[in-house]
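# A look at the structure
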Amino acid sequence: MAEVEETLKRIQGQKGVQGIIIVNSEGIPIKTTLDYPSTVQYAGLIQQLVMMARSTVREIDPQNDLTFLRVRSKKNEIMIAPDKDYFLIVIQNPSD
Amino acid sequence: PAAESLQRRRSSAHGPTPAAAARPRTSSSSGPNKETSGDVNTHTEFRSERNPLMEIVHVYTKLRSEFGRECLFSDRPAELLVDVPPDPSLALQFIQKTHRDQAVQACRDMSEHQVNTERFESDSCGINHVEGGWPKDVNPQEMEQTIRFRKKVEKDESYINSILQLGSAMEHCIRQNNAVDIYQEYFEDEEEVEESQEPPSAKTINVFRDPNELKRTVTGLSWHPDGGRKLAAAYSCLEFQKTSRETSLDSYIWDVENPNRPEMTLKPASPLVCLDYNPKDSHTLVGGCYNGQIAYWDTRRGSQPVEVSSVEHSHRDPVYKIIWLQSKTGTDAFSASTDGQVLWWDVRRLSEPTECLVLDPSREGHLDRALGGVSLEFESTMPTKFMVGTEQGVVMSCNRKAKTPAEKIVCTYDGHHGPVYALQRNPFFPKNFLTVGDWTARIWSEDIKESSIMWTRYQMSYLTDACWSPVRPAVFFTVKMDGVLDIWDILFKQNDPTLSLKVCDEALYSLRLQDNGRLVACGSQQGGATLLEICSGLSTLQKNEKSLLAAMFERETKREKILEARQRELRLKERSRSEQSREEDTGRDDGDDPPDQLISRAETDFYSVVETETRRRRDREEQNVCEEKEVKDEDASGTEPSQ
């Protein structure tokens, strides 16, 4: 439990990180540093995106699997680390 | 070597026995102890009695005692076994076929078939995203329950493990981001030297079809002033007395993204021949009707026109063109019709026109001598001047602010053999304008009134509309009655269009370009408005284009001026010569001469005048050719368009 806290604090402390969200496989945000409405929005939208990305990777090569997803936009970058039951979403505004 | 009894028979009606019976027992000459190499006797029989199929039986025989003997083959010369001569009587059952060439290909038969899928209508709609996923026992509204649930999850072992793992992967990426910007543009500052080598092209994006059963022609098009996401199309049937009672009177406004259904319907009392969006207020439109009335719509107020001009004061012929004017109130428009009048309107009060101009070339305002107006031209940068194209092929340039009505018509340009269907000034060079009528498109310079400075060849079919490109000064578009859209780039090629596209099988009647220069809409006779996208080569300004085009226009204008001056000189010479001869004649006394002498003198006078005229014309042609050649030589040695 304490290690989880420490990890999250370390990530939060990195330069440019705007927010962290941990979502479980059902779309329920477990932990978040953003406000609730945005969290729910991110959780819902990103879960769909991750499912689609994962199925794409799997379709191309069934032995393959999605390990990381990065969505770069004009204003920031959304990084998603998926796992079997949870995923970790970090929104970062890159250095420059 | 087994004995082989080769039997070739077509019909299996008979058993093997008749063949065996056919084997002659007498022809075999060898005895059981013949020393000659195991003689194989052959016998051929030919029978064609009852069986219509010919039977050729070839029988090999061998004595049983000779089985097992060594086979020694020997050569012997060829022997004719059977000679079946043709039976001419059979030929009577057949007729000779005439010679034909037939191509044969050793492949499977294939057929080609075209299929058009049914149009499917798609609709966009939003989905309401509601938070979900909570297990049944937890009520998402209750803060306590949700917090308890979350705490429970956080204590879970697998949660801790996965987060630790994900955390480290995430940290790696974050650090990466902070270290180097992987999307940095390295050569952003350098100018893009883009030479588009690809051939010009255009592709159809959408076709908006008239939803009614009886199709009408798309006679007018107008783009929405803000961004051009909507296209207003006026539908009417211009053919004389071809409208039936069932023909719909409606015109539509289409959303560019949705070709299935028009976004809005405009319901005038009489079909609209032309319409125009107000460039200042994108909700209002004004349209000219087939019966001469003007109607004003506000799209926020529905499909019925807000106001319609009164029948007594409107035009008496279909209104062929209506354009909004630049004014302080933004409510002025003017319209032209083949009844010979150009009327100005204030849309707040459509009961009466505010001003009227009769297109009388003698400038006396006689309606019966007026020319019918079919196209109008108005440039907001020159608000007092405007031009009218007439049915008789004359273009009139007018000044609205002239003091007397006679001065309103400034000058006329006599250009075409038929009605001038389109008229537009070049948006970059307002002194030059484009006209289209009969089978040519002509470019004029305001200063030269005798003839156009540039013109296209006589095309194969009638040109019905034309438009300059709003982004490239040297590009213009024309549509023809064979359904072809031509894109002309006069800096690239002057004899032919740069790109010629067959848009549809029926005639195209109207054309309008969107302000960004990339989208063009053309309307056809069967009510289909096609939206095309032009390739970037034809819709982006090329370097030096303006200066090159300016040089070209100047050169052509100069050439025409020289020709004009030359013609005037010749005419003057002829006139002075004929005046001299007339002076000599007036010495004679006309009254005393008998009538036949008068007649003969009149005849000789007439013929001499005809002769001088033909001679003058011939001389002028020769002069023209000389002049043109001179000027052309000058040009060839001088500048050349660098493209």
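For the structure itself, consult the block above.
Note that this is a predicted model, so its numbers are computed, not measured.

## Examining the overall build of chain A
Each helix and strand in chain A was counted, giving two helices and five strands. A total of 96 residues make up chain A; the buried ones form 44% of that total. A separation threshold of at least 6 residues defines the contact pool for chain A, and within that pool the share at least 24 residues apart is 36%. Counting only carbon and sulfur atoms, one obtains 53% of the accessible surface of chain A, whose full area is about 5,300 Å².

## A closer look at the pattern of salt bridges
If you walk through the whole model with that rule in mind, you get 37 salt bridges over all chains. The closest approach of N and O atoms between Arg72 of chain A and Glu77 of chain A, which form a salt bridge, is 2.8 Å. Judged by relative accessible area, which is 1%, Glu77 of chain A ranks as buried. Overlapping salt bridges bring together Glu377, Lys385, Arg425, Lys431, Glu446 and Asp447 of chain B as one network.

## A short note on the side chain of Asp489 of chain B
Positionally, Asp489 of chain B belongs in strand S26 (residues 484–489). When near neighbours in sequence (up to four residues on either side) are disregarded, Asp489 of chain B contacts Arg472, Ala474, Val475, Thr498 and Leu538 of chain B.

## Quick notes on the nonpolar core
Residues Leu88 and Val90 of chain A together with Tyr159 and Met170 of chain B are the most contacted members of the largest nonpolar core, which totals 25 residues. By residue number, the principal contributor to this core is helix H4 (residues 157–179) of chain B, which donates seven residues. Other than its neighbours up to four places away in sequence, Met170 of chain B contacts Ile11, Phe68, Met79, Ile80, Ala81, Leu88 and Val90 of chain A. Counting residues in each nonpolar core, the second largest holds 21 residues, with Leu434, Val436, Ala466 and Phe476 of chain B among its members.

## Describing the pairing of strand S4 (residues 77–82) of chain A
Residue and element names in this part refer to chain A. Counting buried positions along S4 gives six out of six residues, so the element sits mostly inside the fold. Neither face of S4 is left uncovered, since the one carrying Glu77, Met79 and Ala81 and the one carrying Ile78, Ile80 and Pro82 both have all their residues buried. Bridge count between strand S3 (residues 69–72) and S4: four bridges; the pairing is antiparallel. Each residue of the ladder has a partner; that of Val71, found in S4, is Ile78. Between S3 and S4, which pair antiparallel and follow one another directly, the connecting turn spans four residues. Hairpin connection, S4 to strand S5 (residues 86–92): the antiparallel pair is bridged by three residues.

## A word on H4 of chain B
One turn of an α-helix holds 3.6 residues; hence residues three or four places apart share an orientation. In this model H4 of chain B runs 33 Å from its N-terminal to its C-terminal C-alpha over 23 residues, within 8% of the 33 Å that 1.5 Å per residue would give. Within the span of H4 of chain B, buried status applies to Tyr159, Ile160, Ser162, Ile163, Leu166, Gly167, Met170, Glu171, Cys173, Ile174, Asn177 and Asn178 of chain B.

## Points about unusual backbone geometry
Residues and elements named next belong to chain B. The phi dihedral of Asp438 is positive, around 40°, even though this residue is not glycine. Its place among the elements puts Asp438 in the loop between strand S21 (432–437) and strand S22 (440–445). With relative accessibility at 1%, the residue Asp438 sits in the buried group. For Asn544, which is not a glycine, the phi torsion comes out positive at approximately 65°. Along the chain, the position of Asn544 falls in the loop between helix H6 (536–539) and helix H7 (545–585).

## Let's talk about the sheet that holds S3 of chain A
Reading across the sheet, the five strands line up as S2-S1-S5-S4-S3 (chain A) and stay open at both edges, with antiparallel pairing between neighbours. The open sheet is flanked by strand S2 (29–32) and S3 of chain A, the only strands paired with a single partner. For this sheet the average axis-to-axis angle between neighbouring strands, irrespective of direction, equals 15°. On top of the sheet, helix H2 (residues 36–60) of chain A reaches strand S1 (17–24), S2, S3, S4 and S5 of chain A; it is set at about 65° to S4 of chain A, its chief contact. With respect to the sheet, helix H3 (residues 143–155) of chain B is in contact with S2 and S5 of chain A, its orientation differing from that of S2 of chain A by roughly 85°.

## What about the packing of H3 of chain B against H4 of chain B?
Residue and element names in this part refer to chain B. Direction vectors running N to C along H3 and H4 enclose 70°, while the axes themselves pass 5 Å from each other. On the basis of the axis angle, H3 is roughly perpendicular to H4. Of the residues in H4, those in contact with Val153, Glu154 and Lys155 of H3 are Glu157, Tyr159 and Ile160. Residues that form the contact of H3 with H4 fall into these classes: three nonpolar, no polar and three charged.

## Digging into the environment of Arg363 of chain B
Residues and elements named next belong to chain B. Assignment of secondary structure puts Arg363 in the loop between strand S15 (355–358) and strand S16 (373–378). On the basis of relative accessibility, which here comes to 32%, the residue Arg363 falls in the partly exposed class. Placed 43 residues apart in sequence, Arg363 and Ala406 show a C-alpha to C-alpha distance of 4.9 Å. Leaving out residues up to four positions away in the same chain, Arg363 has contacts with Ala406, Ile409, Val410 and Cys411.

## Focus: the sheet that holds strand S14 (residues 341–346) of chain B
Residue and element names in this part refer to chain B. With respect to topology, four strands assemble into an open sheet ordered S12-S13-S14-S15, the strand pairing being antiparallel. Each edge of the open sheet carries a strand with a single partner, namely strand S12 (319–324) and S15. Averaged over all pairs of adjacent strands, the angle between their axes in this sheet comes to 15°, without regard to strand direction. Relative to S15, S14 runs antiparallel, the two sharing four bridges. The residue bridging Gln341 from the neighbouring strand is Val358, located in S15.

## A short note on the packing of aromatic side chains
All names here are of chain B. Counted according to the given criterion, the structure contains 18 aromatic pairs over all chains. A centroid spacing of 5.3 Å and a plane angle of 75° characterise the contact between Trp439 and Tyr462, whose relative ring orientation is edge-to-face. With Trp439 in the loop between S21 and S22 and Tyr462 in the loop between strand S23 (454–455) and strand S24 (463–468), this residue pair connects regions lying 23 residues apart in the sequence. Judged by its relative accessible area of 36%, Trp439 is partly exposed. Owing to a relative accessible area of 21%, Tyr462 belongs among the partly exposed residues under this scheme.

Criteria and thresholds
- Residues numbered from 1 in each chain as written.
- Chains lettered and ligands numbered in written order.
- Predicted model: local features only at pLDDT ≥ 70, side-chain atom pairs only at ≥ 80, totals over all residues.
- Heavy atoms only, no water.
- Helix = DSSP H or I, 4+ residues; strand = E, 2+ residues; numbered from the N terminus.
- Buried < 20%, exposed > 50% of the residue type's maximum accessible area, 1.4 Å probe, protein only.
- Contact = heavy atoms within 4.5 Å.
- Areas by Shrake-Rupley, 256 points an atom, 1.4 Å probe, with all protein chains shown as cover.
- Salt bridge = Lys/Arg side-chain N within 4 Å of Asp/Glu carboxyl O.
- Core = buried A, V, L, I, M, F, W, Y, C linked by side-chain atoms within 4.5 Å.
- Pairing = 2+ DSSP bridges.
- Expected span 1.5 Å × (residues − 1).
- Axes fitted to C-alpha atoms, helices over the stretch in contact; angles between N-to-C directions.
- Parallel < 35°, antiparallel > 145°, perpendicular 65-115°, else oblique.
- Nonpolar A, V, L, I, M, F, W, Y, C, P; charged D, E, K, R; others polar.
- Phe/Tyr/Trp six-rings, centres within 6.5 Å; stacked < 30°, edge-to-face > 60°.

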